Amino acid sequence: MTTQEYPKEMTEDERYLFDLNGYLIIRGVLTPKEIQEANKAIDNHAHEMVERSEGALRNAVEGTKFYGQGPGRKDLGRVLEWGEESSVFKSILAHPRLVPIFHGILGQGYRMDHLPMVLAQDKGSEGFQLHGGTIDCSSGEYNPYLAYTCQHGTIRSALLGCNVILEDHNPGDGGFCIVPGSHKSNFKMPKGMVDGEKYEEFIIQPATKAGDVILFSEGTVHGAKAWTSDRQRRTCLYRFSPGTNVYGRSYFGHEGGGWPNEMYEGLTEAQRAVLEPPYANRLDRPLIQDDGSVEISSRNARKKQHDQDVFGTKYF
C-alpha cells in the first residue's frame, strides 16, 4: 500500500473494534526493509540493554505464570537519539498509516508522552503482570490519566500505547497480552487474575508479525506473558496522549529545556510537531494535516497582543 492509498481518517471498522476491545492491530505498517534496519540498529546497541534482574525491577511475581523461568526483561532506551539509525523509529511519530488513527483516538495535536524504548525478552524471560485500566485493575480506583472515554461518537484515550512489533509473535510465544473490553470495566480484577493465575482464558496474546503495530488504550488492562520462543522478542513501545494531557515529564529535559537534543536531528516538520509539550491547540500548536503537512492553530493577533499587554508574556 502506498502513502496515497492510506486512509485519511480512522475507518468505521477501526473505530468499532477499538471501542469494542480497547486495542487495535494495524498490520504491515513497517516494510521488510524497515524491519531489517530497525533490528540492525538494535543489534548495534544491544550492549546498552539493561536487564531487569534485581528484585525491585521485576515485573512479575516469582512462581506465577507471568514470571517464566527467571530471566528479567531487557530494556533499551534512546532509540530516537541514534542519528541515521533512528530513522525507522522516528517514522512512527507521524507515520501516514498511523496518523489518522492517532487523530481518531487522541485528536489533532497529539503528542509523544513517554520516551520510547525497545523491550526484549529471551527464552524463559519474565513477562509483566497485568496493569492499567480506566478503573485500576488492582486497586479499583479511577485512573483519569489512563482513562478511555467515548462521548457523542468521539473516542479519547488519556494515554495510548503504541507497540511496534519487530519480531513475530506466534500463538503461544508469549509477550504482549491484553484483556479485551477491560477499558470499560467498572471493577477491579478478581484476586489472582493480574498474575495470570486465574481466568487466563480472558487474557489474550494477539498473534502478530514483525511490522505490525498494536495500539491500545492504557485504560485497557494489559501486560506480557513469559516468552517461550527461541527467538528474542523485540518490540518498540511508545506512548502518545492528547495535546492537553500529560503523564510523563521527560519533555522538560534534563535542564528544563525539552527532549534530548539528539532526538530532533533529521525530523520532518510533522514528526517535530509530535514532540511539542502539553498545551491547548489554539495556542499556536502545529497540527498535522491529512497530506502530512503542518499548520499552526492560533488565536487572532489582537487576542495575542492583549495577553502581552496584560501579562507581559506571549501566552497566558
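In case you missed it, the structure is sitting above this.
The structure reproduced in this document is the subject of the present report. Every value quoted in this text rests on a predicted model; they were computed, and no experiment measured them. (Residues numbered from 1 in each chain as written. Predicted model: local features only at pLDDT ≥ 70, side-chain atom pairs only at ≥ 80, totals over all residues. Heavy atoms only, no water.)

A few points about the pairing of strand 7 (residues 148-151)
Remark: a regular strand shows side chains that alternate across the two faces of the sheet. In the sheet, strand 7 pairs with strand 8 (residues 154-157) via four bridges, with the strands oriented antiparallel. Its bridge partner being in strand 8, Tyr 148 is matched across the sheet by Ser 157. Hairpin connection from strand 7 to strand 8: two residues lie between these consecutive antiparallel strands, with His 152 at a positive phi of about 50°. (Pairing = 2+ DSSP bridges. Helix = DSSP H or I, 4+ residues; strand = E, 2+ residues; numbered from the N terminus.)

Some words on the nonpolar core
Phe 89 and Phe 240 are the most contacted members of the largest nonpolar core, which totals 50 residues. Secondary-structure elements contributing two or more residues to this core are strand 1 (23-26), helix 2 (32-44), helix 3 (87-91), helix 4 (99-106), strand 5 (117-121), strand 9 (160-165), strand 11 (213-217) and strand 13 (233-241). For this core, the element with the highest residue contribution is helix 4, accounting for five residues. Once residues within four sequence positions are removed from consideration, Phe 240 is found in contact with Ile 92, Leu 93, Phe 102, Leu 106, Tyr 110, Arg 111, Met 112, Asp 113, Leu 159, Leu 160, Cys 162 and Val 274. Core analysis: the second largest hydrophobic core is formed by twelve residues, Phe 66, Leu 130, Cys 177 and Met 189 among them. (Core = buried A, V, L, I, M, F, W, Y, C linked by side-chain atoms within 4.5 Å. Buried < 20%, exposed > 50% of the residue type's maximum accessible area, 1.4 Å probe, protein only. Contact = heavy atoms within 4.5 Å.)

Topic: the state of the cysteines
Scanning all chains against the criterion turns up zero disulfides. Cys 177 forms no disulfide, and the closest cysteine sulfur to it belongs to Cys 137, at a distance of 11 Å. We classify Cys 177 as buried; its relative accessible area is 0%. Here Cys 236 stays free of any disulfide, with the sulfur of Cys 162 as its closest cysteine sulfur at 8.4 Å. (Disulfide = S-S within 2.5 Å.)

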